[in-house]
Amino acid sequence: MSTEDQSVTELHQQLSLLQNLDVGVLILDREYRIRLWNEFMENHSGLLYNDVNKKNVFERFPELPVQWFKHKVDSVFLLKNRSFITWEQRPYLFKFKSYRPITGLAPTMYQNATLLPLPSPTGRIEQIAILIYDVTDTALSRQELESANHQLRTLSETDQLTGLYNRGFWENRLKDEFSRYARSLSSSALIMLDIDYFKKVNDQYGHLAGDAVLKNLAHILREATRTTDYVGRYGGEEFALLLIGTTARKAQSVVERIQELIAAARVSVDDYTITYTVSMGLTEVHPIFQTHEQWIKMADQALYLSKENGRNQMTLLVPDS
Ligand SMILES: Nc1nc2c(ncn2[C@@H]2O[C@H](COP(=O)(O)OP(=O)(O)OP(=O)(O)O)[C@@H](O)[C@H]2O)c(=O)[nH]1
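Residues numbered from 1 in each chain as written. Predicted model: local features only at pLDDT ≥ 70, side-chain atom pairs only at ≥ 80, totals over all residues. Heavy atoms only, no water.

- The name given to the protein in an unreviewed UniProt entry is diguanylate cyclase, and the organism recorded there is Neptunomonas phycophila.
- Listed under Cofactor (unreviewed entry) in UniProt, the entry text for the protein is "Mg(2+)". (UniProt positions renumbered as here; feature names shortened; annotations may be inferred.)

Here it is as C-alpha cells:
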C-alpha cells in the first residue's frame, strides 16, 4: 500500500470512529457555521449532515443563547484553550429528547460539552470542535439525591402534625438569633403560646378533634407572621414564635392579629364546631439575658401570668435593667 493509500485508510478509520462515538461531535468555523456533524448529532437532532453543513448554528438551533454561546466560542478561538460547559451551568446546549429508559422522567437530554480548539498545521485556529456528552443519568440521580436530602432535612426540622418547626430546630434558631443580637443589638421578640383548657377539647370531642384544633392554630400562626419569622411547636399544645427584627411593641400587633383570627376560628369535626382560646407570654430580647434559655424562661413566666390571670390574654414582661 502506498503512503497515500495508507493515509486515506487512516483518515477513513478516524472518520468512522468519529461517526460511531456515543458522544456528539460537531465542528464550527469562525462564522459559527457547522462543518462536521457526527451520527450522534444526526440521531438526536433528526438533522442530517447535509441539512446542517455550512449552515449557521444559530439559524439551525434558535434555542442557543447567541451572546453567551458566541462568547464561549470566541474565547476558545482567541485563547486557544479548551473550555467546558456543564449541565449545572446550562442543562443542555442542543435541545435533544432524552430516550434513556431509566431516565424516562427527563424529557430533555442533560449535556456536558467540551469546546476544543483545532489548530491547522500552521498553528492558526480556524475551527473548533464541540463534544456533547449525554449526562442525563448523572443529572437525574444528582437531582433525586438532592431532593431526598431536602426531604430528610425538612423531616428532621418539622413537627409532623402541624408542619411547623419542631422544638429542636426552633430552639436552635432562637439560639442563633440570640448570638446575632449580642453582635448587632437588633431587636427580636419571643411569644410563648398555649391553648387554654386543651385537655377538655380532647376529653369532650376526642383526640382527633384535638389534633384538628392544633392544625387550625398552626395555620393561624403562619398566617399572622412573616415568612422570616420562626413558628415552632414547642410541646403538646404549646407553641413558640420568634419574630425576627421586631420590638415587643410591634409584636403586640401580631398578638392582636392572632387573637382576632382565633376568635373567628371554627373547627368542624364530625357534627361539632369547636372554638378555643389561647394564652400568650411576650418578651423582647434584652442585654440582661446571659443565655437564650433565660429569654425563653421570661417568656414562659409571662405565659404563666396570663394563665394565672384568667387565660385568653397576653402578658408582656420587660426585664429590669
Ligand atoms: N389531640 C392532641 N392532644 C395533645 C397533643 N399533645 C398534647 N396533647 C394534650 O394536651 C393536653 C394538655 O393539657 P394540660 O397540660 O392539662 O393543659 P390545658 O388543658 O390546656 O390547660 P391550661 O394549659 O392550664 O389551660 C393533654 O390532654 C394532652 O394529652 C397532640 O398532639 N394531640
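Comments concerning the nonpolar core
Generally speaking, soluble globular proteins have nonpolar side chains that are buried together.
Phase 1 of the analysis: Ile195, Leu217, Ile258 and Tyr276 are the most contacted members of the largest nonpolar core, which totals 32 residues.
Phase 2 of the analysis: Those elements giving two or more residues to this core turn out to be strand E6 (189-195), helix H8 (198-205), helix H9 (207-224), strand E8 (238-243), helix H10 (248-264), strand E9 (267-269) and strand E11 (278-284).
Phase 3 of the analysis: Top element by residues in this core is H9. It accounts for 8 residues.
Phase 4 of the analysis: Excluding residues that lie within four positions of it along the chain, Tyr276 makes contacts with Ile195, Val213, Asn216, Leu217, Ile220, Ile262, Ala265 and Val267.
Phase 5 of the analysis: If you look at the next biggest cluster of nonpolar residues, it comprises 27 residues, including Met41, Val73, Leu93 and Phe96. (Core = buried A, V, L, I, M, F, W, Y, C linked by side-chain atoms within 4.5 Å. Buried < 20%, exposed > 50% of the residue type's maximum accessible area, 1.4 Å probe, protein only. Helix = DSSP H or I, 4+ residues; strand = E, 2+ residues; numbered from the N terminus. Contact = heavy atoms within 4.5 Å.)

Quick look at the UniProt feature "domain: GGDEF" (unreviewed entry) in the protein
Phase 1 of the analysis: Under the local residue numbering, the UniProt record ascribes the feature "domain: GGDEF" (unreviewed entry) to residues 186-319.
Phase 2 of the analysis: Annotated as residues 186-319, this span is 45% helix and 25% strand, and its ends, taken at the C-alpha atoms, are 17 Å apart.

Looking at the sheet that holds strand E7 (residues 230-233)
Phase 1 of the analysis: Read from one edge of the open sheet, 5 strands run E7-E8-E6-E11-E12, paired in mixed fashion. Two strands lie at the open edges of the sheet, namely E7 and strand E12 (314-316), each paired on one side alone. When the angles between neighbouring strand axes are averaged without regard to direction, this sheet yields 15 degrees.
Phase 2 of the analysis: Taken together, the 7 bridges between E6 and E11 define a ladder with antiparallel strand orientation. Bridge pairing in E11 places Leu193 opposite Met280.
Phase 3 of the analysis: Against the sheet, helix H11 (residues 292-308) touches E6, E8, E11 and E12, its axis set at about 145 degrees to E11. (Pairing = 2+ DSSP bridges. Axes fitted to C-alpha atoms, helices over the stretch in contact; angles between N-to-C directions.)

A few points about the sheet that holds strand E3 (residues 83-85)
Phase 1 of the analysis: Pairing is antiparallel across the open sheet formed by 5 strands, whose spatial order is E2-E1-E5-E4-E3. Taken across any chain shown, the strands that pair with only one partner, and hence form the sheet edges, are strand E2 (34-37) and E3. Each strand axis lies, on average, 20 degrees off the axis of its neighbour in the sheet, ignoring direction.
Phase 2 of the analysis: In terms of strand pairing, strand E1 (residues 24-29) meets strand E5 (residues 125-134) through 6 bridges, oriented antiparallel. Across the sheet, Gly24 pairs through a bridge with Ile132, a residue of E5.
Phase 3 of the analysis: Contacting E1, E3, strand E4 (111-119) and E5, helix H5 (residues 66-79) runs over the sheet at an angle of about 125 degrees to E5.

Concerning the packing of helix H7 (residues 167-184) against H11
To describe two helices that pack against each other, one gives the angle between their axes and the distance between the axes.
Phase 1 of the analysis: Between H7 and H11, the shortest axis-to-axis distance is 9 Å and the interhelical angle comes to 110 degrees. When the interaxial angle is binned, H7 and H11 end up roughly perpendicular. The handedness of the crossing between H7 and H11 comes out as right-handed. Across the interface between the two elements, Trp170, Glu171, Leu174, Lys175 and Phe178 from H7 touch His292, Trp295 and Ile296 from H11. (Parallel < 35°, antiparallel > 145°, perpendicular 65-115°, else oblique. Left-handed = near helix turned anticlockwise from the far one by under 90°.)

What about the site of the ligand?
Phase 1 of the analysis: Around the ligand, the structure places 16 residues, and the nearest of them are Phe198, Lys199, Asp211, Arg233 and Lys307.
Phase 2 of the analysis: Between an oxygen atom of the ligand and a side-chain N or O atom of Asp194, the distance comes to 2.9 Å.
Phase 3 of the analysis: A distance of 2.8 Å is found between an oxygen atom of the ligand and a backbone nitrogen or oxygen belonging to Tyr197.
Phase 4 of the analysis: Notes on the ligand: free accessible area 670 Å², of which the protein chains cover 68%. (Near = heavy atom within 4 Å. Polar contact = N/O pair within 3.5 Å; in protein donor to acceptor, adjacent residues only side chain to side chain. Areas by Shrake-Rupley, 256 points an atom, 1.4 Å probe, with all protein chains shown as cover.)

Some thoughts on the pattern of salt bridges
Phase 1 of the analysis: Following the criterion strictly, the structure yields 13 salt bridges and no others.
Phase 2 of the analysis: Notably, a salt bridge pairs Arg33 with Asp29, separated by 3.0 Å at the nearest N-O pair.
Phase 3 of the analysis: Overall, Asp29 belongs to the buried group, its relative accessible area being 4%.
Phase 4 of the analysis: Ionic pairing is found between Asp29 and Arg35, a salt bridge with its closest N-O pair at 2.8 Å.
Phase 5 of the analysis: Since its relative accessible area comes to 28%, Arg35 is described here as partly exposed.
Phase 6 of the analysis: When salt bridges that share partners are traced, they join Asp29, Glu31, Arg33 and Arg35 into one network. (Salt bridge = Lys/Arg side-chain N within 4 Å of Asp/Glu carboxyl O.)

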